Amino acid sequence: MSVIEAPPNMTLVSPRKARPEIVQEPIDASGIGEVQRQLGLWERLSNNDAARRVVILIAFIIAWELYARWADSPLLFPTFTETAHAFWEDLRNGTLLDRTLTSLRPLALGYMGGLALAAILTTIAVLSRIGADVLSAFTAMFNPLPAIAILPLSLMWFGLGTPSIVFVIVHSVLWAVALNTLTGFRGVPETLRLSGRNYGLRGIRYVGYVLVPAAFPAILAGLKIGWAFAWRTLVAAELVFGVSSRSGGLGWYVFEARAELDTPKVFAGLFSVILIGLLVESVIFRAIEYRTVQRWGMQN
Amino acid sequence: MGVAVEEHAGCGERNVSAVADELVQVRDVTLQYKTPQHLVTATYKVSCTVDRGDRYVILGPSGCGKSTLLKAVGGFIRPVSGRITVSGREVVAPGPDRMMVFQEFEQLMPWKTVRENIRFPMWATGKFRRQDAETRVEQAIAKVNLTRFADVYPHMLSGGMKMRVAIARAMALEPDVLLMDEPFAALDALTRRQMQEELLALWEQLRFTMLFVTHSIEEAIVVGSRILILSPHPGRVRAELDAGSLSYADVDSPEFGTLSKRIHELLFETAGSPGKPACQ
């Protein structure tokens, strides 16, 4: 290209002109003024994730309110203000808090149980080939099985009550977490494994000190997925047989409100479910993420 | 760093007593490893002896099994036949008496700071008492000039710095032998040269024993005091040469050129090899 654009008086074989060498001190740069300048307020705000999300949320609420007023059927589609009011009322008289706490207990039990089982199974799987084969086969079979589908079975085995719900939650958490953890373990760089073994680490110590932290991004992803599965399963299970225990959880709260045709309360219940999900995701998991994988440079 | 090393350095430049100085012995070692499809013979009947204080370089084209040989000394691979001993004990498993430095930067634990990375193996092996370990960690960090970065996580370091951490980590444990698997191959040319010089300066200070794998003739001559040349597919001993103490300052000297040429010939005009030498 440069040949084509070259001026006609220049031939390709022209002898190279002697060019002087240049060595100099860098020129004075103080004339530029500021080398670093803060961006404007607007630009900084639009670069802030939280700010952008708040704007989207507000727009959504306005749209909701406008549509609900226009549709004017409080029974099917209450306005935002009605929902907020119902939510605030039940929050103040303690009903919602009570229901949430009732939900959280089997949730915590099931989640912890699922994690413990997943930890044991993946440890065995990573230390022996048979264990890996067994776990692979089990996750392949059970991971696609919706937890709610084994609820009838669980009811037969454990009767109505917390144990059946815990069992279903364990099922929903276990396979997702185990699958992610195992994938994470398999992705640990070879050199990191070798240097771990170089220190004479073996068995549980090798898993705990080398594999788990090295695979932590994948494990954390598994924990998040497991949490979402557990929460969904719980609410769904409560909707199916919330009556059983004396005080129902959030799922039962929604079910009850529907029976009373109190649609704002249905919305308020769903809103609580979303809120708790968000809270765990954006407070607890976010904090873990920030203190671990982000600080270690394993995730941006 | 340790008393033994200082004594050793103190008693003169060349300590040429015989058997007592033989640290690593490799006798007729044949190594094989499996890929999902093949059983590959990496080295065939390789024998060599590394003396205490050697900078022993294993040189060869890719596919000559030099890394596999180093891993076998590290205890990660068991020989199919033959014997490897370090300080008279047969190598059966990985251990902190043979610390390995790898080429890849991932060998550092990303979840530990520089100081924690160096401290962890001391703690995991239980080789040193706590107080002792702390001072050793600080000394090791100072030796590789990373004091300012002691509390930084590895992902914030440059490639050369990461390599220095890996070297400090290995040396802080005072292994019998330091196993280096192409440690500078992933660095840029300028950093590589600087690291080679720093490594040699450390060796001048501490006189440790190292086994160093490389595929660069120049690096072999500069870093090594003795060079083992392997022929490829499978790796067999082609020659074992003395590299003396040639450094980058001698690159233009006739000795450097002669040695380099000789190695080149040994590597690429392999008589009696069944196949052609692999690509570099």
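Owing to the predicted nature of the structure, the values given are computational and were not obtained by experimental measurement.

So, the overall build of chain B
- Across its full length, chain B carries eight helices and 10 strands.
- Within chain B, the proportion of its 280 residues that are buried is 43%.
- For chain B, long-range pairs separated by at least 24 residues make up 71% of all intrachain contacts whose partners lie at least 6 apart in sequence.

Examining the environment of Phe138(A)
- Within the secondary structure, Phe138(A) sits in helix H6 (residues 129–142).
- Separated by 41 residues in sequence, Phe138(A) and Leu179(A) have C-alpha atoms that sit 9.8 Å apart.

Observations concerning the interface of chain B and chain A
- Across the boundary between the two partners, chain B contributes 20 residues, which contact 16 residues of chain A.
- Of all elements in the fold, only strand E6 (98–101) and helix H3 (114–125) of chain B reach the threshold of two or more residues within the side of chain B that touches chain A.
- By residue number, the principal contributor to the side of chain B that touches chain A is H3(B), which donates three residues.
- Partitioning the side of chain B that touches chain A into residue classes produces 13 nonpolar, five polar and two charged.

Brief notes about the sheet that holds strand E5 (residues 89–90) of chain B
All names here are of chain B.
- Pairing in this open sheet of four strands is antiparallel, and the strands run E2-E1-E4-E5 from one edge to the other. In this open sheet, the two strands that pair with only one neighbour each are strand E2 (39–51) and E5.
- Relative to E5, strand E4 (residues 81–86) runs antiparallel, the two sharing two bridges. Among the inter-strand pairings, Val86 is bridged to a residue of E5, identified as Arg89.

Observations concerning the nonpolar core
- Counting residues in hydrophobic clusters, the biggest one holds 138 residues, and the most contacted among them are Ile169(A), Val173(A), Leu178(B), Leu179(B) and Leu211(B).
- Of the residues forming this core, the biggest block, 15 residues, is contributed by helix H8 (residues 162–186) of chain A.
- In contact with Ile169(A), not counting residues within four places along its chain, are Pro106(A), Leu107(A), Gly110(A), Tyr111(A), Gly114(A), Ala230(A), Thr233(A) and Leu234(A).

What to know about helix H7 (residues 151–158) of chain A
Residues and elements named next belong to chain A.
- Of the positions making up H7, those classed as buried are Leu151, Ser154 and Leu155. Buried residues of H7, seen end-on, are gathered within an arc of 105° and therefore sit on one face of the element. Exposed side of H7, more than 90 degrees from the buried face: Pro152, Met156 and Trp157 are the residues found there.
- Against the buried residues of H7 lie H8 and helix H11 (216–241).
- Positive phi appears at Gly159, one or two residues downstream of H7, with a value of about 75°.

Some points on the pairing of E6(B)
Residue and element names in this part refer to chain B.
- Of the two faces of E6, both are covered, the one formed by Arg98 and Met100 as well as the one formed by Met99 and Val101.
- In the sheet, E6 pairs with strand E7 (residues 177–181) via four bridges, with the strands oriented parallel. Looking across to E7, one finds that Val101 is bridged to Met180.

Conventions we followed
- Residues numbered from 1 in each chain as written.
- Chains lettered and ligands numbered in written order.
- Predicted model: local features only at pLDDT ≥ 70, side-chain atom pairs only at ≥ 80, totals over all residues.
- Helix = DSSP H or I, 4+ residues; strand = E, 2+ residues; numbered from the N terminus.
- Buried ≥ 20, exposed ≤ 12 C-beta atoms within 10 Å, placed from the backbone.
- Contact = placed C-beta atoms within 7 Å.
- Nonpolar A, V, L, I, M, F, W, Y, C, P; charged D, E, K, R; others polar.
- Pairing = 2+ DSSP bridges.
- Core = buried A, V, L, I, M, F, W, Y, C linked by C-beta atoms within 7 Å.
- Arc of directions from axis to C-beta.

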